[in-house]
Amino acid sequence: MGVRLIKISVIYFLIGVGIGYYMSTSHAYNLTPVHVHINLLGWTALTLAGIIYILFPAAGKTKLATWHFWLHNIGLPLMMVGLAFVVYGNESLLILTIVGANLTTLGVLLFVINVLKNVKQPVEGE
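Rules used throughout
Residue numbers run consecutively from 1 along every chain, following the written order of its sequence. Only residues with pLDDT of 70 or above have their local features reported here, since the model is predicted, and side-chain atom pairs are shown and tallied only from 80 upward, although totals for entire chains, interfaces and linings are computed over all residues. To obtain the side-chain values, all non-hydrogen atoms of the structure were included, while hydrogens and water were left out. Numbering of helices and strands starts at the N terminus; helices are DSSP runs of H or I of at least 4 residues and strands are runs of E of at least 2. Exposure above 30% relative accessible area and the absence of a salt bridge qualify a residue for a patch, where like charges join within 9 Å and nonpolar side chains (Val, Leu, Ile, Met, Phe, Trp, Tyr) within 5 Å. All accessible areas in this document rest on Shrake-Rupley with a 1.4 Å probe, and a residue is counted as covered only by the protein chains that are shown. We define a salt bridge as a contact between a side-chain nitrogen of Lys or Arg and a carboxyl oxygen of Asp or Glu at a distance within 4 Å. A fitted line through C-alpha atoms represents every axis, and for helices the fit uses only the stretch in contact; the resulting angles, taken between N-to-C directions, go from 0 to 180 degrees. Throughout, the term roughly parallel applies to angles under 35 degrees, roughly antiparallel to angles over 145, roughly perpendicular to angles from 65 to 115, and oblique to all others. In this analysis, two residues are considered to be in contact whenever any of their non-hydrogen atoms come within 4.5 Å of each other. Charged means Asp, Glu, Lys or Arg here, nonpolar means Ala, Val, Leu, Ile, Met, Phe, Trp, Tyr, Cys or Pro, and polar covers whatever is left, Gly included.

### As for unusual backbone geometry
Working step 1: Here the phi dihedral of His27 falls at roughly 55 degrees; this positive angle occurs in a residue that is not glycine.
Working step 2: Residue placement: His27 occurs in the loop between helix H1 (2–26) and helix H2 (32–55).

### Description of a nonpolar patch on the surface
Working step 1: On the surface, Val10, Ile11, Phe13, Ile15 and Val17 cluster together to form a nonpolar patch covering roughly 390 Å² of accessible area.
Working step 2: Turning to its location among the elements, Ile15 is positioned in helix H1.

### Some remarks on the packing of H1 against helix H4 (residues 63–87)
Working step 1: Where H1 contacts H4, the axes come no closer than 12 Å and their chain directions differ by 10 degrees. As the angle between them shows, H1 and H4 are arranged roughly parallel. Contacts between H1 and H4 involve Arg4, Leu5, Ile8 and Tyr12 from the former and His68, Phe69, Trp70, His72, Asn73, Leu76 and Pro77 from the latter.
Working step 2: Of the residues contributing to the contact of H1 with H4, the split by class is 7 nonpolar, 3 polar and 1 charged.

Listed below in structure tokens is the structure:
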């Protein structure tokens, strides 16, 4: 699970950098919230989750990890597409932002539970 999260996180990184590049070259910064959320929740959070799952493989092999992966990676794109429309004044897809934010938040909550439950100090000698 860890490697999958790291690999998908670099796609979010590329998208976030692409949005940042577009904004800086066009001098139009409407998409700043999308850029920030993709970089934080996509690139940074998923990279760190992937590293945690690699360092603590028991946590990466749980159903919680699988649910975290899918909820986060379905919710975040939905939230970002909806948010992109909203920042340009079109609220017709606000529901995507709401649904996506809820799915992503639920995924993060499951990640937190997984870490608290399954990330343990290694026993000496192992």
